[in-house]
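What the coordinates show
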Amino acid sequence: MSTRTYAALLRGINVGGHKKVPMAELRQVLAELGHTGVRTYLQSGNAVFTTARTGPDSGVDALARELEAAIEEHFGFRVPCLLVDGEHLRAVAAACPFPAATLEGKQLHVTFLSERPAADRFEALDADAFLPEEFRLGDRVVYLYAPEGLGRSKLAEALARPAVVKGLDVTTRNWNTVAKLVELTADPA
């Protein structure tokens with residue numbers, strides 16, 4: 001039986017006391033959906049699971065919508081979820097255009113996108129105006145180098161504007177989290 005391992009990236013939970021999703025309950029929700037090897041990382045909505053599901057309900061979008069519906073039923077609010085398989089996570093890490101090994105995890109971030117946007121969405125951004133911060137587009141991701149961290153990043157604010165992300169589900173993780181998710185999806189429990 002063929003299995004596939006995914007990272008579920010939940011957006012906007014456990015921030016400032018809003019949309020509380022205890023990780024033990026998230027693991028329970030995923031297990032009740034029939035997934036195995038369920039693990040969570042940190043409290044910010046990162047879960048890894050394996051599924052052997054095949055057929056029309058086994059695609060990444062179908063699995064994400066199913067998880068969103070289960071979270072809404074269990075917790076009483078909607079949480080956007082992006083699913084990324086382990087292979088894509090490894091490709092994202094390998095394709096990083098910045099020297100990840102020499103940077104602090106808080107300086108490098110990856111924004112995961114639900115689909116590949118047209119490059120013209122980013123043309124209005126004057127990249128030079130944000131230096132030394134920089135961004136690069138990847139395969140359904142935006143890599144962001146923010147030397148002072150995400151909390152102080154003006155470029156991160158610009159990249160989150162509706163003109164850039166309208167119609168997309170997006171969520172950002174720092175490089176340390178990306179590296180840990182690569183590790184967890186490569187070694188399913």
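Because the structure is predicted, anything quoted here is derived from the model rather than measured.

Some remarks on the overall build of the protein
Looking only at helices and strands, the protein has six helices and eight strands in total. When the elements of the protein are put in sequence order from the N terminus, they spell out β-α-β-β-α-β-α-β-β-β-α-α-β-α. Computed over C-alpha atoms, the radius of gyration of the protein comes to 17 Å, within 12% of the 16 Å expected from 2.2 N^0.38 for 189 residues, which places it in the range of a compact globule. Seen through its C-alpha atoms, the protein measures out along the principal axes to roughly 50 × 30 × 30 Å. By residue count, 46% of the 189 residues in the protein fall in the buried class. Long-range contacts, defined here as pairs at least 24 residues apart, represent 69% of the contacts in the protein between residues at least 6 apart. Surface accessibility of the protein: about 9,700 Å² in total, with carbon and sulfur atoms responsible for 50%. Distance between charge centroids for the protein: 3 Å, based on 21 positive and 24 negative side chains.

Examining the pattern of salt bridges
A complete count under the given rule lists nine salt bridges for this structure. Asp 139 serves as the salt-bridge partner of Arg 116, at 2.7 Å between the closest nitrogen and oxygen. Of the two residues, Arg 116 sits in the loop between β5 (108-113) and β6 (134-137) while Asp 139 sits in the loop between β6 and β7 (141-145), which places them 23 residues apart along the sequence. Of the charged contacts in the structure, one is a salt bridge between Glu 183 and Lys 180, with a shortest N-O distance of 3.1 Å. Taken as a pair, Glu 183 and Lys 180 lie in helix α6 (residues 175-186) at a separation of three residues, close to a single helical turn. Ionic contacts of the salt-bridge type, sharing partners, join the residues Arg 65, Glu 68, Arg 78 and Asp 169 into one network.

Section: the sheet that holds β7
Spatially, the four strands line up as an open sheet ordered β6-β7-β5-β8, and their pairing is antiparallel. At either end of the open sheet lies a strand with only one pairing partner, and these are β6 and β8 (170-174). Between one strand axis and the next, the sheet turns through 20° on average, direction left out of account. Here β6 pairs with β7 via four bridges, running antiparallel. Across the sheet, Leu 137 pairs through a bridge with Val 142, a residue of β7. Strands in contact with α6 are β5, β7 and β8; relative to β8, the strand with the most contacts, it is inclined by about 95°.

Focus: the packing of helix α1 (residues 23-32) against helix α2 (residues 60-75)
Close contact between α1 and α2 brings their axes to 10 Å; oriented N to C, the two are set at 125°. With respect to α2, the axis of α1 lies oblique. Judged by the sense of rotation from one axis to the other, the crossing of α1 with α2 is right-handed. Between α1 and α2, the residues in contact are Glu 25, Leu 26, Gln 28, Val 29 and Leu 30 and Leu 67, Ala 70, Ile 71, His 74 and Phe 75, respectively.

As for the confidence of the model for the protein
Averaged over all residues, the pLDDT of the protein equals 91, while 96% of them reach at least 70. When mean pLDDT is compared element by element in the protein, β7 scores highest at 97, while helix α5 (residues 162-165) scores lowest at 88.

Here's the deal with the environment of Tyr 143
Here Tyr 143 is to be found in strand β7. Accessibility expressed as a relative area gives 2% for Tyr 143, which makes it buried. When the C-alpha positions of Tyr 143 and Arg 173 are compared, they lie 10.0 Å apart, and in sequence the two are 30 residues distant. Apart from residues lying up to four places away in sequence, Tyr 143 is in contact with Val 92, Ala 95, Cys 96, Pro 97, Phe 98, His 109, Val 110, Glu 134, Phe 135, Arg 136, Gly 138 and Trp 175. Polar side-chain contacts of Tyr 143 include one of 2.6 Å to the backbone oxygen of Val 92.

Cut-off values and rules
- Every chain's residues receive numbers from 1 upward, in the order its sequence appears when written.
- Given that this is a predicted model, residues contribute local features only at a pLDDT of at least 70 and side-chain atom pairs are listed and counted only at 80 or more, while totals for whole chains, interfaces and linings are drawn from all residues.
- Here the side-chain values reflect all heavy atoms present in the structure, with hydrogen atoms and water set aside.
- Each helix is a run of DSSP H or I of at least 4 residues and each strand a run of E of at least 2, with the numbering of both proceeding from the N terminus.
- This radius of gyration counts C-alpha atoms alone. The globule rule is 2.2 Å times how many residues there are, raised to the power 0.38.
- Relative accessibility decides the category of a residue: with a 1.4 Å probe and only protein chains considered, values under 20% of the type maximum give buried, values over 50% give exposed, and everything between is partly exposed.
- For this analysis, residues touch if any pair of their heavy atoms sits within 4.5 Å.
- What sets the accessible areas is the Shrake-Rupley method with a 1.4 Å probe; for residues, cover comes only from the shown protein chains.
- Positive charges are assigned to Lys and Arg, negative charges to Asp and Glu, while His and the chain termini are left out of the count.
- A single reference atom marks each charge: NZ on Lys, CZ on Arg, CG on Asp, CD on Glu.
- Think of a salt bridge as a Lys or Arg side-chain nitrogen and an Asp or Glu carboxyl oxygen that are within 4 Å of each other.
- Criterion used throughout: strands pair if DSSP finds at least two bridges between them.
- Here an angle of 0 to 180 degrees is reported between the N-to-C directions of two axes, which are lines fitted to C-alpha atoms, with helices fitted over the stretch in contact.
- Note that the term roughly parallel is reserved for angles under 35 degrees, roughly antiparallel for angles over 145, roughly perpendicular for angles of 65 to 115, and oblique for everything else.
- Take the far helix as your reference; a near helix turned counterclockwise from it by less than a right angle gives a left-handed crossing, and one turned clockwise gives a right-handed crossing.
- Values of pLDDT, which run from 0 to 100, indicate the predictor's confidence residue by residue.
- Two N or O atoms form a polar contact when they lie within 3.5 Å of each other; inside protein one atom must be a possible hydrogen donor and the other a possible acceptor, and for residues adjacent in sequence the pair counts only when both atoms belong to side chains.

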